[in-house]
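Here is how the chains run, residue by residue.
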Amino acid sequence: MSDHIHNPPSSVKGNQNRLLIALSITGLMTLVEVVGGLLSNSLALLSDAGHMFTDTLALGLSLFALNLAKRPADENRTFGYLRAEILAALINGMILILISGFICYEAYQRFIGPPEVHGGPMLVIAAIGLIANLAGISVLHAGSRENLNVRSAFLHMWGDTISSLGVIIAGIIILVAGWNIADPIISILIGMIILRGAIRLVWESVNILLEAVPKHLGTSLIIEEIKNISGLRDVHDVHVWTITSGVYALSAHLLIEDQMVSRTAEISEQVNEMLHRKFGIGHSTLQLECEECQSSPVCHIENRFGGT
């Protein structure tokens, strides 16, 4: 028996508008920082532009995912197009890793032969970038409380803000002390920030594609909560996984007392309601049994490959 509980977004249109505004801000600032980085010969500014470009892609991905997720499921894609977000996130994370490696390589070259960096233009453009990022954070803040995609974009823009602050610090050091070495040092720090976020993004994407248990959920705790429901004797062959960001699913075999069919429907409803309320699991498939399925070859296979 399955139950699919969907949480209707309070304002899908509002979240789309927020993402579109933030996307416009980061896209425009990427172009401004690329031009400014070339004019000032600042690798730190170009690194921040690279960071902002990847965040522009992330914002575009979030906007794309919101639109794609609205497409209905069909007989070939029974979960719809929700996993497209995960595939795109995986590709995006791998690109981020390559960009961070390129930034660190360029910074190493500048350690060997530091070029002249124009701190003035670098500082001005970084300050503009900081203001733009703060505006984007303000736009996304409300939506970040209710939507995982928007929250991800919100955190990306926080990363941009940190990068812009780093470039401003490098610009001040170059203007005041004339230490051009500050430019590659800040670049490496920005590269490390990008790398850290990229590795986390790739790791989470791979875990979802491998259908690992969501890190904030514990299978043992879920089993114990299910067992607390009256009328259940045991729970086995439990599988918990993520369909896409914020959408969790569970399948399980429930061993129940020999009783009327109407009572079993009530048990299923109680289990589904508890899973949704306590764990945020909105897709659950429950198989009710009056005897343990030890004689079933299917159960033996499930027990061998991760069943509980």
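Here, every reference points to the structure presented above.
Quick notes on the rules
- Residues numbered from 1 in each chain as written.
- Predicted model: local features only at pLDDT ≥ 70, side-chain atom pairs only at ≥ 80, totals over all residues.
- Heavy atoms only, no water.
- Helix = DSSP H or I, 4+ residues; strand = E, 2+ residues; numbered from the N terminus.
- Contact = heavy atoms within 4.5 Å.
- Areas by Shrake-Rupley, 256 points an atom, 1.4 Å probe, with all protein chains shown as cover.
- Core = buried A, V, L, I, M, F, W, Y, C linked by side-chain atoms within 4.5 Å.
- Buried < 20%, exposed > 50% of the residue type's maximum accessible area, 1.4 Å probe, protein only.
- Pairing = 2+ DSSP bridges.
- Salt bridge = Lys/Arg side-chain N within 4 Å of Asp/Glu carboxyl O.
- Axes fitted to C-alpha atoms, helices over the stretch in contact; angles between N-to-C directions.
- Parallel < 35°, antiparallel > 145°, perpendicular 65-115°, else oblique.
- Left-handed = near helix turned anticlockwise from the far one by under 90°.
- Nonpolar A, V, L, I, M, F, W, Y, C, P; charged D, E, K, R; others polar.

Examining the overall build of the protein
Piece 1. Counting its secondary structure elements, the protein contains nine helices and four strands.
Piece 2. Its helices and strands taken in sequence order, the protein reads β-α-α-α-α-α-α-α-β-β-α-β-α from the N to the C terminus.
Piece 3. Within the protein, contacts between residues separated by at least 24 positions form 76% of all contacts whose residues are at least 6 apart in sequence.
Piece 4. Of the roughly 15,700 Å² of accessible surface on the protein, a fraction of 64% belongs to carbon and sulfur atoms.

A look at the nonpolar core
Piece 1. Ranked by size, the top nonpolar core spans 21 residues in total, and within it Ile222, Ile226, Leu250, Leu254, Val271, Leu275 and Ile281 carry the most contacts.
Piece 2. Elements represented by at least two residues in this core include exactly helix H7 (219-227), strand E2 (232-244), strand E3 (247-256), helix H8 (261-279) and strand E4 (281-289).
Piece 3. Excluding anything up to four places from it in sequence, leucine 275 contacts Ile222, Ile226, Leu250, Gly280, Ile281 and Ser284.
Piece 4. Counting residues in each nonpolar core, the second largest holds 18 residues, with Leu45, Ile103, Ile186 and Leu201 among its members.

Here we look at the pairing of E3
Side-chain positions along a regular strand alternate between the two faces of the sheet.
Piece 1. The buried fraction of E3 amounts to nine of the ten residues, a majority that puts the element mostly inside the structure.
Piece 2. Bridge count between E2 and E3: nine bridges; the pairing is antiparallel. Note on E3: the bridge partner recorded for valine 240 is leucine 250.
Piece 3. Where E2 folds back onto E3 in an antiparallel hairpin, the turn is made up of two residues, including glycine 246, whose phi is positive at roughly 80°.

Quick word on the pattern of salt bridges
Piece 1. As enumerated under the stated definition, the model contains four salt bridges in all.
Piece 2. For lysine 215, the salt bridge is made with glutamate 204, and the minimal N-O distance between the two is 3.2 Å. Taken together, the positions of lysine 215 in the loop between helix H6 (182-209) and H7 and glutamate 204 in helix H6 put the pair eleven residues apart, joining distant regions of the chain.
Piece 3. Assessed through its relative accessible area of 34%, glutamate 204 is described here as partly exposed.
Piece 4. Here lysine 278 ties to glutamate 225 by a salt bridge, and the two come within 2.8 Å at their closest N and O atoms. Placement of lysine 278 in helix H8 and of glutamate 225 in helix H7 is noted, with a sequence separation of 53 residues between them.

Quick look at the packing of helix H3 (residues 84-112) against H6
Piece 1. Interhelical geometry of H3 versus H6 gives an angle of 160° and a closest axis separation of 8 Å. The orientation of H3 relative to H6 falls into the category roughly antiparallel. Between H3 and H6 the crossing geometry is left-handed.
Piece 2. Split into classes, the residues belonging to the contact of H3 with H6 amount to 24 nonpolar, six polar and two charged.

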